[in-house]
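What follows is the residue order along each chain.
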Amino acid sequence: MRKNMRLYKYICTLFFLALSIQIANAQEDNTLDIEGAISKTLENNFDISLSKNNVKSTNIDAVMANAGYLPTVSANASYEYSSSNTNLSFNDPNQPEINANGAVTENINAGIMVNYNIYSGGRRKHTFGKLKNTAYLSELQLKQQMEQSVFTAVTQYLNALRLKESVRISATSVEISRSRYERASSNYAFGAMSKLELLNAEVDLRNDSTNYVQAQLDYKKSLRDLNNAMGLPPDSTYALSSDFTFDTDLLADSLLLKALEQNTAYLLARNQVRSAELDEKIASSDYLPSLDLSGGYTYSDASYDANFIRSQSSLGWNAGVTLSYNIFDAGTRKRAREKAEIQIVNQRVAVNQTINTLKTDLLKAYDDYQSSLSLITLLEENVETAILNYERSAEAFSTGQITGIELREAQLNLLNAQFNVSAQRIQAKLAEVNLHFYSGTLVE
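Figured I'd write up the structure that's included with this text. Given the structure is predicted, the values throughout are model-derived calculations rather than measurements. (Residues numbered from 1 in each chain as written. Predicted model: local features only at pLDDT ≥ 70, side-chain atom pairs only at ≥ 80, totals over all residues. Heavy atoms only, no water.)

1. Here we look at the overall build of the protein
Then, number 1: Scanning the protein for helices and strands turns up nine helices and six strands.
Then, number 2: Taken against the 2.2 N^0.38 rule, which gives 22 Å for 444 residues, the C-alpha radius of gyration of the protein at 41 Å runs more than 25% over that of a compact globule.
Then, number 3: Expressed along its principal axes, the backbone C-alpha trace of the protein runs to roughly 150 × 55 × 40 Å.
Then, number 4: Long-range contacts, defined here as pairs at least 24 residues apart, represent 82% of the contacts in the protein between residues at least 6 apart.
Then, number 5: In the form shown here, the protein has an accessible surface area of approximately 25500 Å², with 53% of it arising from carbon and sulfur atoms.
Then, number 6: Each charge class in the protein can be summarised by its mean position, and for the 41 positive and 50 negative side chains these summaries are 4 Å apart. (Helix = DSSP H or I, 4+ residues; strand = E, 2+ residues; numbered from the N terminus. Rg over C-alpha atoms; globule rule 2.2 N^0.38 Å. Contact = heavy atoms within 4.5 Å. Areas by Shrake-Rupley, 256 points an atom, 1.4 Å probe, with all protein chains shown as cover. Lys, Arg positive; Asp, Glu negative; His and termini not counted. Charge placed at Lys NZ, Arg CZ, Asp CG, Glu CD.)

2. Overview of the side chain of glutamine 347
Then, number 1: Within the element layout of this structure, glutamine 347 appears in helix α8 (residues 332-398).
Then, number 2: Discounting chain neighbours no more than four positions away, the residues touching glutamine 347 are Gln272, Val273 and Ala276.

3. What to know about the environment of asparagine 159
Then, number 1: Residue placement: asparagine 159 occurs in helix α4 (residues 123-189).
Then, number 2: Assessed through its relative accessible area of 25%, asparagine 159 is described here as partly exposed.
Then, number 3: Separated by 95 residues in the primary sequence, asparagine 159 and serine 254 place their C-alpha atoms 29 Å from one another. (Buried < 20%, exposed > 50% of the residue type's maximum accessible area, 1.4 Å probe, protein only.)

4. Here we look at the packing of aromatic side chains
Then, number 1: Per the counting criterion, the structure on display carries five aromatic pairs.
Then, number 2: Seen from their ring centres, phenylalanine 151 and phenylalanine 437 are 5.3 Å apart, and the 45° between their planes marks the pair as tilted. Taken together, the positions of phenylalanine 151 in helix α4 and phenylalanine 437 in helix α9 (residues 404-439) put the pair 286 residues apart, joining distant regions of the chain.
Then, number 3: Accessibility expressed as a relative area gives 22% for phenylalanine 437, which makes it partly exposed.
Then, number 4: A ring pair is formed by phenylalanine 437 and tyrosine 438, whose centres lie 5.7 Å apart and whose planes are at 70°; its orientation type is edge-to-face. (Phe/Tyr/Trp six-rings, centres within 6.5 Å; stacked < 30°, edge-to-face > 60°.)

5. Concerning the pairing of strand β5 (residues 290-304)
The side chains of a regular strand alternate between the sheet's two faces.
Then, number 1: Where strand β3 (residues 98-119) meets β5, 14 bridges bridge the pair, whose relative direction is antiparallel. The residue of β5 that forms the bridge with isoleucine 112 is tyrosine 297. (Pairing = 2+ DSSP bridges.)

6. Examining a positive patch on the surface
Then, number 1: On the surface, Lys125, Lys132, Arg274 and Lys281 cluster together into a positively charged patch.
Then, number 2: Within the secondary structure layout, lysine 132 lies in helix α4.
Then, number 3: Since its relative accessible area comes to 47%, lysine 132 is described here as partly exposed. (Patch = residues over 30% accessible without salt bridge, like charges linked within 9 Å, V, L, I, M, F, W, Y side chains within 5 Å. Salt bridge = Lys/Arg side-chain N within 4 Å of Asp/Glu carboxyl O.)

7. Some thoughts on the nonpolar core
Then, number 1: Membership of the largest hydrophobic core comes to 50 residues, with the highest contact counts inside it found for Leu32, Tyr157, Met230 and Leu240.
Then, number 2: At the level of elements, α2 (34-44), α3 (46-61), α4, α5 (195-230), α8 and α9 are the ones that each hand at least two residues to this core.
Then, number 3: Among the nonpolar cores identified, the runner-up in size contains 22 residues, and Leu255, Tyr266, Ala269 and Ile355 belong to it. (Core = buried A, V, L, I, M, F, W, Y, C linked by side-chain atoms within 4.5 Å.)

8. Description of the side chain of threonine 441
Then, number 1: Mapped onto the fold, threonine 441 is located in the segment after α9.
Then, number 2: Polar side-chain contacts of threonine 441 include one of 2.8 Å to the side chain of serine 439. (Polar contact = N/O pair within 3.5 Å; in protein donor to acceptor, adjacent residues only side chain to side chain.)

Next up, the structure:
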């Protein structure tokens, strides 16, 4: 009997210690709901921050200068010095030879040159279009990253809620088993219950207490995963709100229309078609000639110790026009255009594949959502039945009409029924989140 009392005190201490941790967590000043989790994710998630920087980088590149629309201006200056032994003889016999040791020659050149491509077969236009398309692609990738990060955070949030409910139900189970153990101990002391009944109650209390501590640990781990998904320090604390509602106005046809306008995977696939079309136009521009204009203002000065010219200098403008055309390139242009045309076909096939996959996933999520909402009502009715069954079983146990094992079965049926309702609500919310994800409305 003393051994049982020590065990009972130990389990009670363990239970109330874990319960105090739960209460302390619940009394945190800040409460986090689903909307708050989404907001913190969009604000702090590291992957989103990296994607935002990538958007800035591509926008820097998407300018007309990178496409060759602006001229290039270069300035140059040079100075050359040489000293040598020089011997000059001329065909004209009247011109005396020039012989000098250590003769110095100096050359000074400076100028500003401007080059501008007047015509390139449309390459500049299509290149600029490709740059802008790449910038748009980075924005789509940012949206995709935001959606994926928010989806992960919400999934972690709902998982933490499920484990929080598991903690609550485990605590309730411990309390019920503790009450049963107290009753069994009292009845056994007065000879109204067998030793087997007492041992069964003791085992169930020990198991429930162990499950409660494990549930607390799992819940704590889930909060750390949620913090990581939101981009918060792992030791951030808050109380999770279990209150959330369902959007019962969601319609499959309306969601499909939105998906074909806003779904990021679909928009990315269309963007790849546009990119392939621009690549084909850039490749085709190589079949046309290129016309360039150049001009500049230059200065040069040269002096010679050993030369029939003592010094020479010039200063003035120069200009020129260059027309170039690649007559033969061993089929390089042809192969580039053929590959670009094949890529266009492939990307259009990818768009159709994306549409088909998108419709399939969205309709499956919609069926899951509708089914989950219907199951919630049935499971709630099952909880009411389980409560009545447990109450009657408890009364029957107190009067000795049923055994502790039968009461335990009624207890487990009640706890499972309660947990199933909570789990189904979370499953329904997750299906709703999936619908918003596929329709492109999760992050707007």
